[in-house]
Amino acid sequence: METRIGIFLCNCGGGMKNIDFDAVAEKVARMPGVTCVNLVSHLCLDEGREKMIASIREENLDRVIVAACSPEFKEHIFRQALEDAGLNGHLLAMANIREQCSWAHEGDVTEKAVELIKMATNRARLLQPLERKELPVNREVLVIGGGFSAIDTALHLSRLGLRTTLLEKEAVLGTGTGEWQSLHGFDNSSMTAAVEGDRNIDVLASARMTAAEGTIGDFTVTITREGEEISRKYGAIVLATGFRTELAPTSTLKLRTQAEPISGISIVSQEQLFHMLHNSIVEAKPRTIGFMFDFSDENSRFPTLTTLNNALAAKNKWGSEIYIFCKNVKVDSEGAEKLYREARECGVVFLKCETTPRMSMDNGRVAVEARDVFLGEDTVIACDLLVAEELLLPIAGTETLSSLLNIRLDSRGFYQDENVHLYPVASEKKGVFVIGWCRGNLDMGRVLTDISSVVMSVHGLLSSGKILVEVERVKVDPQKCVACLTCIRVCPHGAIQLVRVDGDKEVAGISDLACDACGICSAICPAKAIKFQGYRDEEILAQIEAIGES
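Treat the numbers as computed from the prediction; the structure is a model and nothing was measured. (Residues numbered from 1 in each chain as written. Predicted model: local features only at pLDDT ≥ 70, side-chain atom pairs only at ≥ 80, totals over all residues. Heavy atoms only, no water.)

### Description of the packing of helix α5 (residues 148-159) against helix α12 (residues 444-462)
In a pair of packed helices, the angle between the axes and the distance between the axes together describe the arrangement. Running from N to C, α5 and α12 point in directions that differ by 35°, and their axes come no closer than 10 Å. Seen from above, α5 lies across α12 with right-handed handedness. In contact with Phe 148, Ser 149, Asp 152, Thr 153, His 156 and Leu 157 of α5, α12 contributes Met 444, Val 447, Leu 448, Ile 451, Val 454, Val 455 and Val 458. Class assignment for the residues of the contact of α5 with α12 results in 9 nonpolar, 3 polar and 1 charged. (Axes fitted to C-alpha atoms, helices over the stretch in contact; angles between N-to-C directions. Helix = DSSP H or I, 4+ residues; strand = E, 2+ residues; numbered from the N terminus. Left-handed = near helix turned anticlockwise from the far one by under 90°. Contact = heavy atoms within 4.5 Å. Nonpolar A, V, L, I, M, F, W, Y, C, P; charged D, E, K, R; others polar.)

Right, here's the structure in full:
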């Protein structure tokens, strides 16, 4: 019996004006096996999905082609529509006629759109349905860290009914982070008290994770605490380990005539200044304060906010003259533009410099010599207090944790996101999440967004106690596998390991639960022993054969 194929065209609300959709519909309707062609303005919205589901049922379709935007954005929505219509979700092929066609060219691209749809249709004829099954998952969550993001995440997960363990290497939760959070209006002490009174949260202080194995829904973690090893199981792991600060190389201030660094109350860090403003009695209020930032690290989102907050606090409390030396003031954070304008209106002076200012001692004060870009001349300002530039860096132990969990670090040593735009809190290993400052230079607004995202993700993953997985979407042929270990080395998700078959033979085995269906193993296998359903050789060749037919 001939395959019945339905094609759904979406013009994204008229956002692809260089494609003649009527001409496309007329041409693709002549293709063998095509039963119906539907043009919908917004296929991904509820109205469009309902039309799609109704058409699949009425036409009794076997395969579905969606010609619209990138599969990266909407494929999961269309797969679910097929499932709702009673068709296996993997009998869908998508033609990206937006990013790879309409938006990539200026002139008319109707013929290219037709070819992309023909390619997807040829591939769709060979698609096979995939079986899915439910597997049990552990509903407990491990949150590593003891700062604001870790504590707030644990509290939210607990309120949603998920038992949570807070693992902190320090003896007390919130150690070393209270001042930073208070600077932005958050009270760690009240949150810590809430954790202590929550029976659904288990706090393990002075403890470290020393081993981890398993996959999403079933991680086995070894925790060392006061010389004792504890083994526990968790369904998901959240890394919220925070950051540390360090003086930038340009802030290691030295006298021009001496090798000894300048020391004393004249030069302080942002945290020391915050402490002076809020917790200490200062005998002599500094008349002139200088700030430095954005010279050694252009990822200065958090340092910018800290500088603006501290500068305003010093201006309001002490009435000091405030000078801020910087390359640029980046105000992409929520409320940063308002802070910047408020600082300017209060009399804070910003000096834009292309090169790092030169510093020297002048009668117990720090003389800062800088060339202001707008004035076009050198300026020398003697500061009673100079707030040095600081770098945000990963905390000690980040590399160890990344190695234990088999997740990557970025070029700066922070935990790397799976996809910074689409999945910012997910690591490349399923079930392991990274939030807050341990994944980079964020502001408090972005940290709060991280917390909300990870709480929703973990709750959706574990709340039911089971997870739906695709069976053998990526499968190893044991007769072809020679156990060369290539797939194990390249898999970014840790989903492949050696398993024994037929008695003694060892071959690669892929965990359906851990596999993310990225296809790297299938593409690189030298023995062609790994098949990736939906991207088998014959399916790809069928697409290639369709090129140029029109």
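### Comments concerning the sheet that holds strand β19 (residues 365-372)
The antiparallel open sheet is built from 3 strands, whose spatial order is β18-β19-β20. Looking at which strands have only one partner, the edges of the open sheet turn out to be β18 (358-362) and β20 (377-383). Between one strand and the next, the sheet's axes are offset by a mean angle of 25°, whatever the strand orientation. Relative to β20, β19 runs antiparallel, the two sharing 7 bridges. Counted as the bridge partner of Ala 370 is Thr 379 from β20. (Pairing = 2+ DSSP bridges.)

### Side note on the pattern of salt bridges
Counting across every chain of the model gives 26 salt bridges. Measuring nitrogen to oxygen at the nearest pair gives 2.7 Å for the salt bridge that ties Arg 439 to Asp 450. Remark: Asp 450 occurs in helix α12 and Arg 439 occurs in the loop between β23 (432-434) and α12; sequence separation between them is 11 residues. Accessibility classification places Arg 439 together with Asp 450 in one group, the buried group. (Salt bridge = Lys/Arg side-chain N within 4 Å of Asp/Glu carboxyl O. Buried < 20%, exposed > 50% of the residue type's maximum accessible area, 1.4 Å probe, protein only.)

### Some thoughts on the pairing of β18
Relative to β19, β18 is paired through 5 bridges, and the arrangement is antiparallel. Bridge assignment links Met 359 to a residue of β19, and that residue is Val 368. Between β18 and β19, which pair antiparallel in sequence order, lie 2 residues; one of them, Asn 363, sits at a positive phi of approximately 55°.

### Points about the pairing of strand β27 (residues 505-510)
In the sheet, strand β26 (residues 496-501) pairs with β27 via 6 bridges, with the strands oriented antiparallel. Across the sheet, Ile 496 pairs through a bridge with Ile 510, a residue of β27. Two successive antiparallel strands, β26 and β27, enclose a turn made up of 3 residues, where Asp 502 displays a positive phi of approximately 50°.

### Here we look at the side chain of Ser 427
As for its placement among the helices and strands, Ser 427 is situated in the loop between α11 (398-405) and β23. Its relative accessible area of 5% is what places Ser 427 among the buried residues. For Ser 427, the side chain forms a polar contact with the main-chain oxygen of Lys 429, separated by 3.1 Å. A polar atom in the side chain of Ser 427 sits 2.7 Å from the backbone oxygen of Val 432. Not counting residues up to four positions away in its chain, the partners in contact with Ser 427 are Ile 407, Gln 416, Glu 418 and Val 432. (Polar contact = N/O pair within 3.5 Å; in protein donor to acceptor, adjacent residues only side chain to side chain.)

### Some words on the domain arrangement of the protein chain
The parts lose accessible area when they come together, and the size of an interface is often stated as this lost area. Under the domain assignment, the protein chain is made up of domain 1 (5-130), domain 2 (141-242 + 395-466), domain 3 (249-389) and domain 4 (472-532). The C-alpha-based centres of domain 2 and domain 4 are spaced at 31 Å. The interface of domain 2 with domain 4 comprises 7 residues on the first partner and 8 residues on the second. Of the roughly 660 Å² buried between domain 2 and domain 4, counting both surfaces, carbon and sulfur atoms make up 49%. Broken down residue by residue, the surface that domain 2 buries against domain 4 is led by Thr 215, Glu 428 and Lys 430, which jointly contribute 59%. Linking domain 2 with domain 4 are 0 salt bridges, by the criterion used here. At the surface where domain 2 touches domain 4, the tally comes to 2 residue pairs in polar contact (both at pLDDT 80 or more). Split by residue class, the side of domain 2 that touches domain 4 holds 1 nonpolar, 2 polar and 4 charged. (Domains from an automatic or database assignment. Buried area = accessible area lost by both parts, 1.4 Å probe.)

### A short note on helix α1 (residues 21-28)
Within α1 the residues assigned to the buried category are Phe 21, Ala 23, Val 24 and Val 28. Summarising the axial view, the buried residues of α1 lie within an arc of 155°, below the 170-degree limit, and thus occupy one face. Tucked inside the fold, the buried residues of α1 contact β1 (5-10), β2 (34-40) and α4 (110-124). By the N-cap criterion, in which a side-chain oxygen at the helix start approaches the backbone nitrogen of a residue two or three places on, α1 is capped by Asp 20, the distance to Asp 22 being 3.2 Å. (Arc of directions from axis to C-beta.)

### What about the packing of α5 against helix α7 (residues 188-196)?
Relative to each other, α5 and α7 sit at 40°, their axes nearing to 10 Å. Considered as vectors, α5 and α7 are oriented oblique to each other. As α5 runs across α7, the sense of the crossing is left-handed. Contact residues: α5 offers Phe 148, Ile 151, Asp 152 and Leu 155, while α7 offers Asn 188, Met 191, Thr 192, Ala 194 and Val 195. Across the contact of α5 with α7, the residue classes break down as 6 nonpolar, 2 polar and 1 charged. (Parallel < 35°, antiparallel > 145°, perpendicular 65-115°, else oblique.)

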